[in-house]
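Chains, contacts and geometry: an overview
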Amino acid sequence: MNKQEMSKAYSSADVEKKWYSTWEKRGYFHTDIKSKKTPYTIVIPPPNVTGMLTLGHVLNNTLQDILIRFEKMRGRNTCWVPGTDHAGIATQSKVEAQLKEEQNLTRYDLGREKFLEHMWAWKEKYGGTIIKQLRTIGCSCDWERERFTFDPGLSKAVQEVFIRLYNKGLIYKGHRIINWCPKSRTALSDEEVIYKEEKGHLWYLKYPFADGSGFVTVATTRPETIMGDTAVAVNPEDPRFSKLIGKKLILPVMNREIPLIGDSYVTKEFGTGAVKITPAHDPNDYEMGLRHHLDMPNIMNDDGTMNAAAGKDFEGLDRSVARKLVVEKFDKLGLLEKIEDYTHQVGYSERGDVPIEPRLSNQWFVKMQPLAKPALDAVNDGRVQFHPDRWIKTYRHWMENIKDWCISRQLWWGHRIPAYTCSKCGKLFVAAEAPTKCDQCGCTELKQDEDVLDTWFSSWLWPFSVFNWPDKTEELKKLYPTQSLVTGPDIIFFWVARMIMAGLEFMDEVPFKDVYFTSIIRDDKGRKMSKSLHNSPDPIDVVNTYGADALRFTMAYIAPVGQDIQYSNEKCELGRNFANKIWNVVRFRMTAGALSKNWQNIDGLTKADLRPDDQWILARLNTVVTKITQDLEKFNFNEAVRDLYDFVWNEFCDWYLESCKPVFNATEANAQNEITLRVFDYCLSIFLRLLHPFMPFITDELYHAIGFTSEDSSIVLADWPKALPEDRMTELGATDKLVAFNVAKFELIRNIRNVRANYQIATSCEIDVILAPSSEENHDFLERDTVSLKSLLNASSLKIGDKPDGPTGVAVSSIATAYIPLGGVVDFAAEMGRLQKQEQEIVQYIGVVNKKLSNKNFVERAPKAVVDKERNNITESNEKLARIREQIALFS
RNA sequence: GUGCGCAUAGUUCAGUUGGUUAGAACGCUACCUUCACACGGUAGAGGUCACAGGUUCAAAUCCUGUUGCGCAUACCA
């Protein structure tokens with residue numbers, strides 16, 4: 001390709017499409033299990049199979065891709081396992097809703113078998129969109145290893161785990177109060193309940209004593225449950241009630257006798273000090289029910305409507321309707337004392353978005369404490385590291401207070417529980433296959449449990465089930481444990497903690513070494529992205545507008561470690577502009593001549609071959625290579641991106657590239673040209689590689705365009721740059737001192753340009769410059785660099801010498817005083833003004849430093865290096881001040 | 001209630017274990033279509049680092065408290 005073929009502005013669309021399919025076709029992302037390289041594995045947090053790509057996914061997967069590409073370039077045998085989650089409730093609800101809308105059918109109309117057929121057909125047709133979308137943003141997943149949490153292999157793992165835990169006594173069936181979602185009609189785990197603050201009421205209801213001796217008033221937020229009341233409880237130490245304990249009350253509306261009981265659980269100060277007890281519909285009431293041997297009538301159906309036990313007046317009514325009716329009835333009976341406004345937390349079903357109903361039912365549970373202990377240790381002793389590490393506290397708190405995990409769901413889309421019950425004697429069998437007959441009574445009719453398992457019961461096995469555990473596969477042996485997990489802190493309990501438990505329990509090893517928690521993405525007003533707010537941009541639109549590289553780069557740039565990020569599409573301009581910038585660097589390079597023969601290195605070059613700008617950029621490049629590598633090792637993605645951006649734009653383009661122009665443009669052939677081109681190419685090849693994990697598409701395009709790689713290879717396979725050793729840098733003259741000199745030179749140039757700007761002299765208009773160096777050393781340095789200086793200043797002549805006669809503009813900087821002859825246009829007042837402003841600033845600074853140095857404590861207690869530095873500053877500042885005053889004197 | 005986090009330029013954010021005169025991007029002002037790039041260049045303006053104390057020779061940085069915001073979590077019906 002030559003420059004003529006490169007458009008002025010970079011256009012991402014064609015480039016991105018072309019490269020992804022090439023990479024995939026050539027098998028770059030497929031892991032060779034036979035490779036001798038050290039493995040580096042990441043398993044993707046499997047998105048819901050029904051899901052569409054969101055910005056959250058973009059962030060999460062971009063960071064994983066950066067790690068994978070970085071480690072691949074560093075010589076690791078990388079493996080990124082992709083896949084999707086069957087997402088029980090979410091997927092089933094979605095399909096049920098669609099079935100209702102399109103055919104007006106419920107899952108019950110179809111029946112279990114037919115409905116599941118429908119589910120699978122739906123999944124084949126609409127599922128996995130997100131997997132295709134991940135390719136659009138450049139994810140280098142090993143697609144040949146794609147898995148699904150409900151595929152046969154993973155189902156086998158789930159079954160195996162269930163049986164093992166059951167046999168170990170860690171899975172049991174229990175009659176307990178669980179969180180019930182009346183919309184999906186299933187039990188939920190505690191983690192699937194989200195609490196929302198709601199403005200409700202506190203109803204004060206009177207319960208008369210059976211003997212007619214007055215009444216007790218209870219305060220409740222849930223009047224609709226009174227039909228299930230089997231007691232009223234008070235604190236036995238409450239003097240208002242203690243003597244009344246044991247008396248009978250009449251439950252109004254139901255006209256049933258219930259006892260007044262004493263239980264220390266009741267808070268005397270809250271409400272009236274008396275609580276209605278509904279054991280089947282409240283976890284605390286249930287506990288109390290057990291303690292006091294109370295009846296536990298269930299008054300609701302599984303869809304949140306009242307059942308026969310609630311009485312004829314209520315049967316069939318929705319819980320919200322029943323609430324109103326109960327209050328109405330109390331009011332009519334004169335038993336409604338008052339209603340207060342009351343703000344409280346109401347538990348909602350995460351997926352169904354309806355208030356959950358505590359419900360007494362038979363469910364399967366995992367005993368968590370024995371599993372939690374080793375998992376807690378693994379994080380405490382650093383076998384698993386969290387980034388940022390403050391999440392350890394959250395993890396610890398949950399693990400130390402862990403409750404048993406309700407794993408059964410009354411859904412159809414999910415792994416069926418491998419438990420069978422004898423229809424005759426009721427004996428329970430847990431096994432992979434249904435037993436042919438009951439070994440207790442000989443009955444051959446064994447019925448499988450109707451329930452399926454919580455989605456997370458398959459997700460928690462993901463880091464090893466994807467490699468076909470429990471089979472002892474080669475993959476499992478080589479690729480487990482994985483290295484890094486990148487996920488959101490919102491699923492620390494759902495997923496991260498449980499994976500650590502499962503890994504230790506079934507593999508005897510932690511599932512990953514590092515967990516990087518990503519930021520939560522908010523809109524530019526700080527609101528969470530959500531469908532209902534329509535503030536969630538479609539990443540695919542963003543890719544079409546700005547390019548995938550731009551989106552990736554911007555995401556990495558704006559995502560701080562452990563902080564929320566505010567996103568808006570416009571921010572992608574940053575990435576797009578940056579892509580355009582490097583595109584044009586290469587365009588520029590194309591005009592300067594053929595690719596250097598030895599661009600791969602700068603071997604053989606020494607100090608004498610290089611211009612100060614070459615030495616400076618090599619020193620900076622070396623620092624940047626080290627810095628970016630460290631940033632990535634420490635998961636400091638945004639720092640790495642910022643460092644790269646600053647280096648490429650503010651150092652390489654603004655200064656180095658500009659300094660190369662006079663060399664490249666020289667009409668007569670010169671030896672310098674060849675050397676400078678080589679340094680240029682060397683730098684370019686390195687920062688394109690550093691950039692590749694962040695912007696894979698454009699970097700490969702440019703790597704090919706310039707000829708750093710052959711048509712049949714790719715930057716994907718290139719080596720990660722290594723910093724040169726210090727003694728080599730010294731040989732090249734790329735020392736700290738040189739860098740300091742060059743930076744001072746830039747300051748000088750800026751000062752002169754400032755004079756230019758003040759006189760409104762166009763950049764295109766040439767000027768004459770005379771430099772009076774402030775020392776012998778600076779003199780030598782500047783003399784060596786006149787070509788570059790001349791070009792950067794667009795000077796027609798540049799001399800080193802004394803102040804010329806006649807009026808001049810003046811720029812005083814640390815290494816030299818510059819005179820710019822301006823003929824008759826010198827504005828004395830303006831020159832004076834600028835010099836005086838400069839004088840004022842420096843005098844102020846000298847004051848501050850002098851104050852420090854005259855402080856005995858500072859000189860005595862501060863480290864010597866700090867004091868010396870300040871002394872040096874004051875010497876330099878005084879010298880500069882003298883020169884400024886000299887100029888002022890000339891103008892007065 | 002408890003825990004965690006945040007507060008720096010008009011806006012969005014950097015600022016590593018305390019140590020030059022606190023930086024960037026976007027926006028703003030002036031000039032420039034110069035042969036890499038107007039998705040650009042040059043030069044600028046803009047900050048009492050939320051507030052009040054404390055530790056220190058030295059605090060945006062460490063400690064305490066206050067205020068405001070966000071998140072997580074808890075059985076107060």
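The pairing of strands in a sheet comes from backbone hydrogen bonds and takes either a parallel or an antiparallel form. Pairing in this open sheet of three strands is antiparallel, and the strands run E8-E7-E13 from one edge to the other. Lying at the two open borders of the sheet, with one neighbouring strand each, are strand E8 (215–220) and strand E13 (336–349). Across this sheet, the average inter-strand angle for adjacent strands is 20°, counted without regard to direction. Note that strand E7 (residues 193–208) and E13 share 13 bridges and pair antiparallel. Bridging from a neighbouring strand, Leu205 pairs with Leu336 of E13. Against the sheet, helix H9 (residues 319–332) engages E7 and E13, with an angle of about 25° to E7.

What follows is about the packing of aromatic side chains. Under the definition given, this model contains 56 aromatic pairs. When the centroid spacing of 5.8 Å and the interplanar angle of 55° are considered together, the rings of Trp391 and Phe517 count as tilted. In this pair, Trp391 sits in helix H11 (residues 391–400) while Phe517 sits in strand E23 (residues 514–517), placing the two residues 126 residues apart along the sequence. Looking at Trp391, the relative accessible area reads 18%, which means it is buried. Residue classification places Phe517 among the buried positions, given a relative accessible area of 1%.

Moving on to the side chain of Asn61. Its place among the elements puts Asn61 in helix H2 (residues 55–73). Not counting residues up to four positions away in its chain, the partners in contact with Asn61 are Ile44, Trp80, Leu134, Ile137 and Cys139.

Time to look at the protein's contact with RNA strand B. Taken together, 56 residues surround RNA strand B, and among them Thr267, Tyr342, Asn584, Trp649 and Arg861 come closest. One of the side-chain N or O atoms of Arg642 is found 3.2 Å from a sugar or linking oxygen in RNA strand B. When residues of the surface near RNA strand B are assigned to their parent elements, the largest contribution, nine residues, is made by helix H18 (residues 572–591). Its residues assigned to classes, the surface near RNA strand B comprises 22 nonpolar, 17 polar and 17 charged.

What follows deals with a positive patch on the surface. On the surface, a cluster of positive charge is contributed by Lys34, Lys36, Lys477 and Lys478. Take Lys477: it is sitting in helix H14 (residues 474–479).

Here the focus is the pairing of strand E29 (residues 816–821). With respect to burial, E29 is a largely interior element, five of its six residues being buried. Both strand E26 (residues 767–773) and E29 contribute to a ladder of four bridges, which runs antiparallel. Within E29, the position partnered with Pro773 by the bridge is Ala816. Bridge count between strand E28 (residues 808–812) and E29: five bridges; the pairing is antiparallel. Note on E29: the bridge partner recorded for Ala811 is Ala818. Remark: three residues form the turn of the hairpin made by E28 and E29, two consecutive strands paired antiparallel.

Moving on to helix H22 (residues 696–706). Since the α-helix packs 3.6 residues into each turn, any two residues three or four apart lie on the same face. Burial within H22 is extensive, with eleven of its eleven residues counted as buried. Among the structural elements, helix H1 (12–25), H2, helix H6 (129–136), helix H17 (548–558), H18 and helix H21 (671–691) are those in contact with the buried residues of H22. After H22 finishes, the residue Gly707 shows a positive phi value of roughly 95°.

With that out of the way, let us pick up unusual backbone geometry. Cis rather than trans, the peptide bond between Trp469 and Pro470 has omega equal to 10°. On the secondary structure map, Pro470 appears in the loop between helix H13 (462–465) and H14. That bond from Tyr480 to Pro481 is cis: its omega, 0°, falls within 30 degrees of zero. With respect to the element layout, Pro481 can be found in the loop between H14 and strand E22 (484–487).

So, on to the packing of helix H24 (residues 736–758) against helix H26 (residues 786–793). Relative to each other, H24 and H26 sit at 35°, their axes nearing to 10 Å. For the element pair H24 and H26, the recorded crossing hand is right-handed. Where H24 abuts H26, its residues Lys745, Leu748, Ile749, Ile752, Arg753 and Arg756 lie against Ser788, Leu789, Leu792 and Leu793. Taken together, the residues of the contact of H24 with H26 sort by class into six nonpolar, one polar and three charged.

Averaged over every residue, the pLDDT of chain A is 90; the share at 70 or more is 98%. Across the predicted assembly, pTM comes out at 0.92 and ipTM at 0.93.

For the structure shown, the criterion picks out 54 salt bridges. Across the salt bridge formed by Arg416 and Glu450, the nearest N and O atoms sit 4.0 Å from each other. Taken together, the residues Arg416 in the loop between strand E17 (408–409) and strand E18 (419–422) and Glu450 in the loop between strand E20 (446–448) and strand E21 (452–453) connect sequence positions 34 residues apart. The salt bridge involving Glu747 is made with Lys880; its shortest N-O contact spans 3.4 Å. One end of the pair, Glu747, is in helix H24; the other, Lys880, is in helix H29 (residues 864–891), with 133 residues separating them in the sequence. The network of salt bridges with common partners includes Arg222, Glu224, Arg319, Arg323 and Glu357.

On to the packing of helix H16 (residues 539–546) against H17, then. Two quantities define a packed helix pair, namely the angle between the axes and the distance from one axis to the other. One way to put it is that H16 packs onto H17 with a least axis distance of 7 Å and a crossing angle of 110°. It follows from the interaxial angle that H16 and H17 lie roughly perpendicular. Here Pro539, Val542, Val543 and Tyr546 of H16 come into contact with H17, specifically with Ala548, Ala550 and Leu551. A class-by-class count of the residues in the contact of H16 with H17 yields seven nonpolar, no polar and no charged.

Ranked by internal contacts, the top residues of the largest apolar core, which has 227 residues, are Phe386, Phe457, Trp460, Ile500 and Met501. Among the elements that line this core, the one with the most residues is helix H20 (residues 637–665), at 15 residues. Other than its neighbours up to four places away in sequence, Trp460 contacts Val161, Leu165, Leu371, Trp405, Trp495, Arg498, Met499, Met501, Ala502 and Phe506. If you look at the next biggest cluster of nonpolar residues, it comprises 27 residues, including Tyr207, Phe209, Met306 and Val326.

Rules of the game
- Residues numbered from 1 in each chain as written.
- Chains lettered and ligands numbered in written order.
- Predicted model: local features only at pLDDT ≥ 70, side-chain atom pairs only at ≥ 80, totals over all residues.
- Heavy atoms only, no water.
- Pairing = 2+ DSSP bridges.
- Helix = DSSP H or I, 4+ residues; strand = E, 2+ residues; numbered from the N terminus.
- Axes fitted to C-alpha atoms, helices over the stretch in contact; angles between N-to-C directions.
- Contact = heavy atoms within 4.5 Å.
- Phe/Tyr/Trp six-rings, centres within 6.5 Å; stacked < 30°, edge-to-face > 60°.
- Buried < 20%, exposed > 50% of the residue type's maximum accessible area, 1.4 Å probe, protein only.
- Near = heavy atom within 4 Å.
- Polar contact = N/O pair within 3.5 Å; in protein donor to acceptor, adjacent residues only side chain to side chain.
- Nonpolar A, V, L, I, M, F, W, Y, C, P; charged D, E, K, R; others polar.
- Patch = residues over 30% accessible without salt bridge, like charges linked within 9 Å, V, L, I, M, F, W, Y side chains within 5 Å.
- Areas by Shrake-Rupley, 256 points an atom, 1.4 Å probe, with all protein chains shown as cover.
- Salt bridge = Lys/Arg side-chain N within 4 Å of Asp/Glu carboxyl O.
- Lys, Arg positive; Asp, Glu negative; His and termini not counted.
- Charge placed at Lys NZ, Arg CZ, Asp CG, Glu CD.
- Left-handed = near helix turned anticlockwise from the far one by under 90°.
- pLDDT = per-residue confidence, 0-100.
- Parallel < 35°, antiparallel > 145°, perpendicular 65-115°, else oblique.
- Core = buried A, V, L, I, M, F, W, Y, C linked by side-chain atoms within 4.5 Å.

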